[in-house]
Amino acid sequence: MDIRRKGSKIGVVKKIISFFIAFIAGGFTMFNLSGCHWFNQSFRQKQLSRIPEQEKTLYESAEKIVEALNKKDITLLYGILSKSCMEQEDLEKGFSYSCDLLDGKIIDIGECSHYEEDHWDSGKHSCKGNASFTQITTESGKIYHLYFDYWFDNDFDENKIGVERFKIRDADEYDKNTCIDISLYKHSGIYHPEWDEEFK
C-alpha cells in the first residue's frame, strides 16, 4: 500500500512538473509572437521617424501626386505645385496625359531614389530635390516611373518652391539612350510628349 501511494505521489508530481514546463514554454512562445511583433512595429516607426525631413517631403509629394492621378482630380495637386508650375497653360494637358497613361489605379509607389542640389551666391541659397520613383505599380501589375523636381528653398525665385515639374512614364518604354532627365526640361508643369520637341 505504501509503495503504491508513493508511486502515485510521484506520478502526480511529474504531471505538475510537465504542466508547469508546458505553461512556461507556451508563455515564452506567446511572448515571441506578440513581443517580437510589437518590437518590429516599434522599430519600423523609429526608422520612419529618422527619415530626413526633405526626404519625407518627397515621399509625401509622391503620395499626393498618386492620389490626384487615381482620383483624376488636378485640384489635389494645388497644395504642392509651385506657383511657376501652376501658371503653365498646358498644366491640365499634362495632367490628362498622365491619367490616360495609367493602366488602372496606382497601389504602390515603391522606394524613392533622390539627390539634392544646393546653391549659394551672394548670401542667397537654393536647394532642389530630384526624386525618382521607379516602381510605381498599378492594380493591373503595370510598372511606371515617376520623376519630379522639388524646390525646398529658393531665394533667387520663390515662385519655384514646391513641385516645379513632374513626369510619369511607362516602364516598358524606358530606354536609357533616349530617357530625358526631368531637370533638363525648361518647361515647368506636368509633362506631356510635346515637351520633347525642344530636344529635337
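My aim in this report is to walk through the structure given alongside it, one point at a time. (Residues numbered from 1 in each chain as written. Predicted model: local features only at pLDDT ≥ 70, side-chain atom pairs only at ≥ 80, totals over all residues. Heavy atoms only, no water.)

A word on the overall build of the protein
How we decide: Numbering goes from the N terminus for both helices and strands, where a helix is a DSSP run of H or I of at least four residues and a strand is a run of E of at least two. Think of it in three bands: residues with accessible area under 20% of the maximum for their type are buried, residues over 50% are exposed, and the middle band is partly exposed, with areas taken using a 1.4 Å probe on protein chains only. Computed by Shrake-Rupley with a 1.4 Å probe, the accessible areas treat only the displayed protein chains as cover when residues are assessed.
A tally of regular secondary structure across the protein gives four helices and six strands. Traced from its N-terminal end to its C-terminal end, the protein shows the element sequence α-α-α-α-β-β-β-β-β-β. Residues classed as buried in the protein amount to 35% of the 200 residues present. Taken as a whole, the protein presents about 13000 Å² of accessible surface, with 55% of it coming from carbon and sulfur.

Looking at the nonpolar core
The following threshold applies: Put simply, a nonpolar core is a bunch of buried Ala, Val, Leu, Ile, Met, Phe, Trp, Tyr and Cys residues held in one set by side-chain atoms that sit within 4.5 Å of each other. In this analysis, two residues are considered to be in contact whenever any of their non-hydrogen atoms come within 4.5 Å of each other.
Ranked by internal contacts, the top residues of the largest apolar core, which has 32 residues, are Leu77, Phe133, Leu146 and Phe148. Of all the secondary structure elements, the ones that give two or more residues to this core are helix 2 (53-71), helix 4 (91-101), strand 3 (124-138), strand 4 (143-154) and strand 5 (162-170). If you tally residues by element for this core, the top one is helix 2, at seven residues. Residues within four places of Leu146 in sequence aside, it is in contact with Ala62, Ile65, Ala131, Ser132, Phe133, Ile136, Phe166, Lys167 and Ile168.

With respect to the environment of Tyr144
Selection criterion: In the analysis that follows, any N or O atom pair within 3.5 Å is treated as a polar contact, provided that within protein one partner can donate a hydrogen and the other can accept it, and provided that, for residues neighboring in sequence, both atoms belong to side chains.
Along the chain, the position of Tyr144 falls in strand 4. Taking the relative accessible area as the measure of exposure, Tyr144 reaches 1% and is therefore buried. A sequence separation of eleven residues divides Tyr144 from Phe133, and the C-alpha atoms of the two residues are 8.3 Å apart. Residues contacting Tyr144, with those up to four places away along its chain left out, are Leu101, Leu102, Asp103, Phe133, Thr134, Gln135, Ile136, Thr138, Ile168, Arg169, Asp170 and Ala171. Here Leu101 takes part through its backbone oxygen, which lies 3.2 Å from a polar atom of the side chain of Tyr144.

Quick word on the pairing of strand 3
Just so we agree on the cut-off: Paired strands, as defined in this entry, are two strands with at least two bridges between them according to DSSP.
In terms of residue burial, strand 3 counts as a mostly covered element, since eleven of its 15 residues are buried. Sheet topology places strand 1 (residues 106-108) next to strand 3; two bridges connect them, and they run antiparallel. From the neighbouring strand, Asp108 faces strand 3, where its bridge partner is Thr137. With nine bridges connecting them, strand 2 (residues 113-121) and strand 3 associate as antiparallel partners. In the sheet register, Glu117 faces strand 3, and the bridge partner there is Lys128. The hairpin turn running from strand 2 into strand 3, its antiparallel successor, is two residues long, and Ser122 in that turn takes a positive phi close to 55 degrees. Bridge count for strand 3 against strand 4 is ten bridges, and the pairing is antiparallel. Among the inter-strand pairings, Ala131 is bridged to a residue of strand 4, identified as Phe148. Taking the residues that link successive antiparallel strands as the turn, the strand 3-strand 4 hairpin has four residues, and the phi of Gly141 there is positive, at about 95 degrees.

Remarks on the packing of aromatic side chains
The line we're drawing: Pairing of aromatic side chains here covers Phe, Tyr and the six-membered ring of Trp, requires ring centres within 6.5 Å, and sorts the geometry by plane angle: under 30 degrees stacked, over 60 edge-to-face, intermediate tilted. Charge over a ring is defined by NZ of Lys or CZ of Arg lying within 6 Å of the ring centre and within 35 degrees of the ring normal.
Inspection of the entire model under this criterion finds seven aromatic pairs. Between Tyr59 and Phe133, the ring centres sit 5.5 Å apart and the planes meet at 85 degrees, which makes this aromatic pair edge-to-face. Here Tyr59, found in helix 2, pairs with Phe133, found in strand 3; they are 74 residues apart in sequence, far enough to count as distant. Assessed through its relative accessible area of 17%, Tyr59 is described here as buried. Phe133 gets classed as buried once you look at its relative accessible area, which sits at 0%. The interplanar angle of 85 degrees and the centroid separation of 5.7 Å between the aromatic rings of Tyr191 and Trp195 together place this pair among those described as edge-to-face. What makes Tyr191 buried here is its relative accessible area of 7%. Exposure remark for Trp195: the relative accessible area of 2% places this residue in the buried category. Within the aromatic cluster, the residues linked to one another by ring pairs are Tyr97, Tyr185, Tyr191 and Trp195. It is Lys167 that lies over the ring of Tyr191; its NZ or CZ is 4.4 Å from the centre.

That's the geometry; what it means functionally is another story.
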